[in-house]
Amino acid sequence: MQQRVTAILVARSGAEYLHRTLAAVDRQVRRPDFLIAVDAGSSDNSGSLLAAAGPAQLVAASAKASFGEAVAHALHVAAPAVSDNEWLWLLAHDNAPEPDALTRLLGAVEIAPSVSVAGPKLMGWKRRDVIAEFGESMTPVGTSVRLVEDELDQAQHDIRGDVLGVAASGMLVRRSVWTALGGFDPALPSTDAALDFCVRARLAGHRVIVVPGARVASAGGPQHFGRRSLSDRSRMQIARSAQLHRRLVYAPSAVVPLHWLSLIPLAIIRSIVHLLAKSPGAVGAELVTAFRAAFDVLPVIRARRNLRRTRRLGWKAIAPLRLSWRRAREQRAHRQDSDDGMGPVGPAVYREEPIGFVTGGGLWAVLVTGLVGLVAFGGLLGATSVSGGGLLPLGSVDNLWSQVGYGWREIGIGFTGAADPFSYVLASLGSLAFWQPSVAIVALYVLALPLATLGAWFAARQFTVRPWPPALAAVLWGIAPPLLSSLETGHLGASIAHLLLPWLILLGLSAGRSWTASAGAALVFAAVTASAPVLTPALLVMWLALVLSRPRRAYRLLGIPLPAAALFAPLAIDQILRGNPLGLLADPGVPAAGGATSGIQLALGSAAGGSNGWTALLDRVLLPATTAPIVVAALLLPLGLLALLGLFVRGSRRSIPALAVALLGYATAVISTRLELVAVGSETVGIWPGSGLSLFWLGLIGAALVSLDAIGAAARGFAVLLGVASLLLAVPLVGSNLLGTLTVQPGPARLLPAFVDAEATSRPEIGTLILAPAGDGAISAALERGRGTLLEQQSTLDATAMGMSDADARLANLAGNLASRSGYDSAADLDDLAIGFIVLEGADANAETDTDMDADASATAASADEAEAAVLRRTQDALDGNALLVPVGETSRGLLWRYVGEADAVAGTGPSNTGSVLGMIVLVGQGLIIGMTVLLAVPTARRRREHVSRGTENEEPATTFDEDTDD
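The structure displayed is predicted, hence computed values, not measured ones.

## So, the overall build of the protein chain
Scanning the protein chain from N- to C-terminus turns up 35 helices and 26 strands. Residue burial in the protein chain is summarised as follows: out of 967 residues, 52% are buried. When contacts within the protein chain are restricted to residue pairs at least 6 apart in sequence, those whose partners lie at least 24 apart make up 76%. With an accessible surface of roughly 42,300 Å², the protein chain has 62% of that area assigned to carbon and sulfur atoms.

## Brief notes about the packing of helix 25 (residues 628-645) against helix 28 (residues 715-734)
Running from N to C, helix 25 and helix 28 point in directions that differ by 140°, and their axes come no closer than 9 Å. Here helix 25 is positioned oblique relative to helix 28, judged by the angle of their axes. Where helix 25 crosses over helix 28, the two elements pack in a sense that is left-handed. Here V632, L635, L636, P638, L639 and L642 of helix 25 come into contact with helix 28, specifically with F718, L721, L722, A725, L728 and L729. Taken together, the residues of the contact of helix 25 with helix 28 sort by class into 12 nonpolar, no polar and no charged.

## Notes on the pattern of salt bridges
Note that side chains of opposite charge can pair when their charged atoms are close. A full pass over the atoms with the stated rule returns 23 salt bridges. Between E841 and R893 there is a salt bridge, and its shortest N-O distance comes to 2.5 Å. Residue E841 is located in the loop between strand 22 (835-840) and helix 34 (855-880), and its partner R893 is located in the loop between strand 23 (885-891) and strand 24 (894-899); the two are separated by 52 residues in the primary sequence. Among the residues examined, E841 registers a relative accessible area of 23% and is labelled partly exposed.

## Notes on the packing of aromatic side chains
Applying the stated criterion across every chain yields a total of 14 aromatic pairs. Ring geometry for Y17 and W125: centres 5.1 Å apart, planes at 85°, overall edge-to-face. Of this pair, Y17 sits in helix 1 (residues 15-26) while W125 sits in the loop between strand 6 (115-124) and strand 7 (130-133), and the two are 108 residues apart along the sequence. Accessibility assignment for this pair places Y17 and W125 in one class, buried. Look at W401 and Y424: their rings are 6.4 Å apart centre to centre, the planes differ by 75°, and that puts the pair in the edge-to-face class. With W401 in helix 13 (residues 397-402) and Y424 in helix 14 (residues 422-431), this residue pair connects regions lying 23 residues apart in the sequence. Exposure remark for Y424: the relative accessible area of 17% places this residue in the buried category. Aromatic ring contacts, followed pair by pair, group W178, F184 and F197 into a single cluster. Note that R20 overlies the ring of W125, its terminal NZ or CZ placed 4.3 Å from the centroid.

## Concerning a nonpolar patch on the surface
Taken together, the side chains of L258, W260, L261, V297, L298 and I301 present a nonpolar region at the surface, about 570 Å² in accessible area. Going through the elements one at a time, helix 8 (256-276) and helix 10 (298-310) are the ones with two or more residues in the nonpolar patch. The element best represented in the nonpolar patch is helix 8, accounting for 3 residues.

## Structural notes on the nonpolar core
Ranked by size, the top nonpolar core spans 112 residues in total, and within it L449 and L492 carry the most contacts. Beyond its immediate chain neighbours, meaning those up to four positions away, L449 contacts T369, V372, G373, F377, G478, I479, L483, L484 and L487. In this structure, M171, F197, V210 and L323 belong to the second largest nonpolar core, which totals 45 residues.

## With respect to the sheet that holds strand 24
Taken in spatial order, the 5 strands line up as 21-20-22-24-23 in an open sheet, and their pairing is mixed. If you trace the sheet from one side to the other, it starts and ends with strand 21 (778-785) and strand 23, each paired once. In this sheet, neighbouring strand axes are inclined to one another by 25° on average, regardless of whether the strands run parallel or antiparallel. Here strand 20 (residues 767-775) pairs with strand 21 via 8 bridges, running antiparallel. The residue bridging L769 from the neighbouring strand is L783, located in strand 21. Sitting on the sheet, helix 30 (residues 754-762) touches strand 20, strand 22, strand 23 and strand 24, and the angle it makes with strand 24 is about 40°.

## Here's the deal with the pairing of strand 4 (residues 86-92)
Burial analysis of strand 4 places 7 of its 7 residues in the buried class, the great majority of the element. Burial of the side chains of strand 4 extends over both faces: E86, L88, L90 and A92 are buried on one face and W87, W89 and L91 on the other. Where strand 1 (residues 4-11) meets strand 4, 7 bridges bridge the pair, whose relative direction is parallel. Residue pairing across strands places T6 opposite L88, the latter belonging to strand 4.

## Brief notes about helix 12 (residues 362-377)
For helix 12, spanning 16 residues, the distance from its first C-alpha to its last is 22 Å, which sits close to the expected 22 Å at 1.5 Å a residue. Structurally, helix 12 contributes buried residues whose contacts are with helix 15 (438-460), helix 16 (469-478), helix 17 (481-488), helix 28 and helix 29 (736-739).

## Remarks on the environment of E784
Tracing the sequence through the fold places E784 in strand 21. Residue E784 is classed as buried on the basis of its relative accessible area of 13%. For E784 and I770, which are 14 residues apart along the polypeptide, the C-alpha to C-alpha distance reads 7.6 Å. Discounting chain neighbours no more than four positions away, the residues touching E784 are L752, I766, G767, T768, I770, T789 and R893.

## Points about the pairing of strand 2 (residues 34-40)
Counting buried positions along strand 2 gives 6 out of 7 residues, so the element sits mostly inside the fold. For the segment spanning strand 1, helix 1 and strand 2, crossover handedness is right-handed. Chirality of the crossover, the property in question, places the unit of strand 2, helix 2 (residues 46-52) and strand 3 (residues 57-61) among those that are right-handed.

## Looking at the confidence of the model for the protein chain
In the predicted model, the protein chain carries a mean pLDDT of 84, and the fraction of residues at 70 or more is 89%. Helix 14 holds the highest mean pLDDT among the elements of the protein chain, 95, whereas strand 13 (residues 348-350) holds the lowest, 33. A low-confidence stretch, residues 845-861 (pLDDT under 50), is modelled with 4 contacts involving residues beyond four sequence positions or located in other chains. Across residues 943-967 the pLDDT falls below 50, and counting only partners more than four positions away or on other chains, this stretch makes 84 contacts in the model.

## A word on unusual backbone geometry
The phi torsion at S13 lies on the positive side, around 50°, for a residue other than glycine. With respect to the element layout, S13 can be found in the loop between strand 1 and helix 1. Phi is positive for A834, close to 50°, though the residue is something other than glycine. Exposure remark for A834: the relative accessible area of 2% places this residue in the buried category.

## Observations regarding the environment of A633
Along the polypeptide, A633 turns up in helix 25. For A633, a relative accessible area of 34% gives the class partly exposed. C-alpha separation for the pair A633 and Q601, spaced 32 residues apart in sequence, amounts to 9.8 Å.

## Things to note about helix 27 (residues 690-710)
With 21 residues, helix 27 extends 30 Å between its outermost C-alpha atoms, agreeing within 8% with the 30 Å of an ideal straight helix rising 1.5 Å per residue. For helix 27, the tally of buried residues reaches 20 of 21 residues, placing the bulk of the element in the interior. After helix 27 finishes, the residue G712 shows a positive phi value of roughly 70°.

## Some points on the side chain of E759
Along the polypeptide, E759 turns up in helix 30. Here E759 sits buried without a salt bridge, and the closest side chain of opposite charge, R898, lies 4.0 Å off (N-O distance). Residues contacting E759, with those up to four places away along its chain left out, are I766, F837 and R898.

## Digging into the packing of helix 15 against helix 17
Relative to each other, helix 15 and helix 17 sit at 165°, their axes nearing to 11 Å. Viewed along their axes, helix 15 and helix 17 adopt a mutual orientation that is roughly antiparallel. As helix 15 packs across helix 17, the resulting crossing turns out to be right-handed. Contact with helix 15, carried on its side by Y445, A448, L449 and A452, involves L483, L484, S486 and L487 of helix 17 and no other residues of that element. Taken together, the residues that form the contact of helix 15 with helix 17 break down as 7 nonpolar, 1 polar and no charged.

## With respect to the environment of L641
By the element assignment, L641 lies in helix 25. When the C-alpha atoms of L641 and A703 are compared, they prove to be 9.9 Å apart, with 62 residues separating the residues in sequence.

Scoring rules and cut-offs
- Residues numbered from 1 in each chain as written.
- Predicted model: local features only at pLDDT ≥ 70, side-chain atom pairs only at ≥ 80, totals over all residues.
- Heavy atoms only, no water.
- Helix = DSSP H or I, 4+ residues; strand = E, 2+ residues; numbered from the N terminus.
- Buried < 20%, exposed > 50% of the residue type's maximum accessible area, 1.4 Å probe, protein only.
- Contact = heavy atoms within 4.5 Å.
- Areas by Shrake-Rupley, 256 points an atom, 1.4 Å probe, with all protein chains shown as cover.
- Axes fitted to C-alpha atoms, helices over the stretch in contact; angles between N-to-C directions.
- Parallel < 35°, antiparallel > 145°, perpendicular 65-115°, else oblique.
- Left-handed = near helix turned anticlockwise from the far one by under 90°.
- Nonpolar A, V, L, I, M, F, W, Y, C, P; charged D, E, K, R; others polar.
- Salt bridge = Lys/Arg side-chain N within 4 Å of Asp/Glu carboxyl O.
- Phe/Tyr/Trp six-rings, centres within 6.5 Å; stacked < 30°, edge-to-face > 60°.
- Lys NZ or Arg CZ within 6 Å of the ring centre and 35° of its normal.
- Patch = residues over 30% accessible without salt bridge, like charges linked within 9 Å, V, L, I, M, F, W, Y side chains within 5 Å.
- Core = buried A, V, L, I, M, F, W, Y, C linked by side-chain atoms within 4.5 Å.
- Pairing = 2+ DSSP bridges.
- Expected span 1.5 Å × (residues − 1).
- Right-handed = clockwise from strand over helix to strand, strands pointing away.
- pLDDT = per-residue confidence, 0-100.
- Lys, Arg positive; Asp, Glu negative; His and termini not counted.

Below you can see the structure in the form of structure tokens.
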């Protein structure tokens, strides 16, 4: 019986393709017997083009209808089938068949009566010599695979015949089989719909083949029908959704519950794999499809019922047509090889490392600054901790991690609130020396200068091809006055921020090309802002400028601040609820007063006031101390001139951003000194300006590096002058240990007196009230628990409190009554606060007059000393006369008294960071975001090649990078 063909052409807003498709159908050697055109909700003139072609039927379908639903809609108006030799030819608006396509398809099925589905060779729409798709299959776990895709057609696949599946575009299918199988599965509206239909046809006893001689041009076809563009995330979500649906449909009944239970756990595991594979966009798609498959079970039930109704053969019948693991790996490797870029073509030099660490002077720069660091902080070698300024020892690793997130803050009387983001930095740092975490801070001090030099060298070498400028820039950064000042005054957060800023610049500039660099930049951004919160506004401005300058790569840059936002969110909510949002900018760590600093002193790089130590040095060598600012300005002159010169030399497009960074840093430093957020005793102090000066120094070095790169042969002389001047500038700060002006010192063996320390071993909740003169006849009171307050227990919520809480007022009232003779019964307060000891600092039972003190100095301080001594005598007399207290004696921190009240009093506490629902939510949320970022930052792809153009001494280096390979 003669074959009868009904062509069904479905169009949805495809007018730009329809002219060619309709003309190709009209030119067929063997024309279809009927042409049914379906306008599936087109928004252009596709409907009028279809009508002008004169089809047998023109029907309209919903704009939401899939390709399979549109075909089913067309069959409602088709003439009834009169034999088993009727065929459907499925075409989309972007499927233009060659003139003999239908003839060859019909010829193939005519000589093989068992064939019910035949597919053409789909060719590129614009390149007719490239195979777009030719046959489909599945891996052993059900992943759909295109057997041939985007290959140059050299007839290498023309021997192919039987396949597991073919694409919907150009498919020729027996009408009776289409009707019996129920067409395409409605749950597979695009991807895998044709493959699933072919699998069901195979299981029903029919053959599926490809016909190499039949060619149909395709621009995409029904796989993503009617979509102008499709993101990688959407494409992955559609494909994964189809795979999970087919897995649940094809699985044996006994295994379906296991598949269903594994959907969510498997999605989590695959999300981790996607992060490691640098495909973060796939994580959301993976989770969404898993939850949708887990709860949308009705389509699975209908599809399983339909499969059971039509199935005639077992799964072993199609096993030979599945893609084996070996073939799947070979195919994947082949595609990766074909996708490998060969880099820029032209007069470029391939170089894996643009500048060698040893040959470029990086090693020598690190060694030099390492020796300088030993001179500056060698006195800390052998110490178990560092204290002084803003530093205290660290507790155990368990205690460090118990302070992160949201929970009870064990400082003073204590309160429940959010931890500083810096607690994560301390916990990570302390974990490096898990046996004694404080040793990690000692090591950081000793290695701070060479570590800063190392980071600066790696960052600087990206901006030049000459070997020596990065070494010079690294040394300048390693001995920068802001770093030395921050270390000497115990501002640990500012020091860590200084070490990390070059890495942030390096990773940030590479973030647009690589997910690894983007995630790394996000982690470093979070660490820098946690260590020096005052830098956050400036860094956000830099991030926004980076995003706006690279709009095509913005999708990789937008997430950089996300981990930092997750860390700061709980603290921000607490500070806003307290009415003090500016408290977010406060320095973490022990509140410490700094020297008064003017704008001119900040411009000279002095964070602690004065002239970077030159005033004291000149005074010691009997030179006029008033000339110190002039000396510092002269030593800074080479750096300033080179930085400004960057505006006028070739390459200014690189120096202008560097100078903008310097301006942001200087503005941050100035604003820092004007924001007095923290109280130290009776004084309020500003934020440490050293963090802003680090950013200021970074911008100046970057602009100077551009100038040195541009001025050619004269650069070496300027470099020598700059290096010598910078080394001289750092001399007083480096020698502060020798001059005896170093604030930080090796930490004490214990924070509280030995008697208290021994008691706290068995009673860690016991409190010690520390009383000390506060000037003007006042006395300060602080409460410490256990063996003393540690660095990780410090909280900016406590330091920036805008007023006294009821608990603070109660403690102040107790301290005032203990420090003076009164009839107040202190026993109830001492018991409620679990205070077992009282220490009076500054008191010495056997104090003697210092006869070596300079007479003028003694006269100047006489009145202050007398007032303080009076306060101490009055307080000591009151404590001695208190029947509740027993004198213990003199200790390393002052005179000690013991409270003889209830020995079993327990201090009130709140929930830990894991002891409440809110604490767990904060921990889990922060952990997920940080964990996903860490996984994404782990390098798993081969290193990107760099191509550096050859240039003369006076030419600006041109550095280009291949697109990243970790997507």
